[in-house]
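Understanding the architecture of this molecule
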Amino acid sequence: MAARSLEIGPAGIRTAHTIEILRTERRLAQPQLADRVTALGHPMSNTMLSRIERTQPRCDVDDLVVIAEALLVSPLVLLWDLTAT
């Protein structure tokens, strides 16, 4: 079986962009959101959050769920294209 590509696809790029949009709409700096995520039991530095927003590395499902919880939205919201509405 061939190895899967680690490139970020359209959904990953859209998710990273949505995280950044929602974070800034809530007037949260990256360290503040990272602190919220950490307080929920999923340690995350602001450097890691910055990398997620820049799609370096891919955002895994555990990160996605806890970031959504910290932003007070459903994980599905992070997958939507907010710029299309």
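In case you missed it, the structure is sitting above this.
Position labels on residues start from 1 in each chain and follow its written sequence. Local features in this predicted model are restricted to residues of pLDDT 70 or higher, and side-chain atom pairs are both shown and tallied only at a pLDDT of 80 or more, whereas totals for entire chains, interfaces and linings draw on every residue. Side-chain descriptors were evaluated using all non-hydrogen atoms of the structure, hydrogens and water having been removed beforehand.

For the rest of this paragraph, the subject is the nonpolar core. With 17 residues, the main nonpolar core has I19, L33, V37, I67, L71, V73 and L78 as its most contacted residues. Only DSSP runs of H or I with at least four residues qualify as helices, and only runs of E with at least two residues qualify as strands; both kinds are numbered from the N terminus onward. Contributing elements (two or more residues each) for this core: α1 (10-25), α2 (30-39), α3 (46-53), α4 (61-70) and α5 (75-79). Broken down by element, this core gets its largest block of residues, 5 residues, from α4. Contacts: residue pairs with any heavy atoms within 4.5 Å of one another. For I67, the residues in contact, after removing those within four places along its chain, are I19, L33, V37, M44, L49, I52 and L78. Think of a nonpolar core as a cluster: buried Ala, Val, Leu, Ile, Met, Phe, Trp, Tyr and Cys residues, connected wherever their side-chain atoms sit within 4.5 Å. Exposure categories follow from relative accessible area, calculated using a 1.4 Å probe and restricted to protein chains: below 20% of the type maximum is buried, above 50% is exposed, and the middle band is partly exposed.

Okay, the layout of surface pockets next. Using a probe with the size of a water molecule, rolled over the atoms, empty space left in the structure can be pinpointed. In this analysis a 1.4 Å probe is tested at points of a 1 Å grid over the protein atoms alone, and where it fits but cannot get out there is a cavity; an open set with protein on both sides within 12 Å along at least five of seven lines is a pocket; lining residues have an atom within 4 Å of a point. Grid points are joined across faces, edges and corners, and a volume is the space filled by probe spheres set on the points. In this structure, the largest pocket occupies an estimated 250 Å³ of space. Surrounding the largest pocket, 16 residues form its lining, A11, G12, T15, R58 and C59 being those nearest its centre. For the lining of the largest pocket, the secondary structure elements donating two or more residues are α1 and α4. Here the lining of the largest pocket gets 4 residues from one element, more than from any other, and that element is α1. Note that Gly is not counted as nonpolar here; it falls among the polar residues with everything else outside the nonpolar set of Ala, Val, Leu, Ile, Met, Phe, Trp, Tyr, Cys and Pro and the charged set of Asp, Glu, Lys and Arg. Considering only residue class, the lining of the largest pocket consists of 9 nonpolar, 4 polar and 3 charged.

With respect to the helices and strands, E53 occurs in helix α3. Here E53 falls in the buried class, since its relative accessible area comes to 10%. Residues E53 and Q30 lie 23 residues apart in sequence; the distance between their C-alpha atoms is 9.6 Å. Other than its neighbours up to four places away in sequence, E53 contacts A16, I19, E20, R23 and Q30. Side-chain polar atoms of E53 contact the side chain of R23, separated by 2.7 Å. Identification of polar contacts relies on pairs of N or O atoms within 3.5 Å, with a donor-acceptor requirement for protein atoms, meaning one able to donate a hydrogen and the other able to accept it, and with residues adjacent in sequence counted only if both atoms are side-chain atoms.

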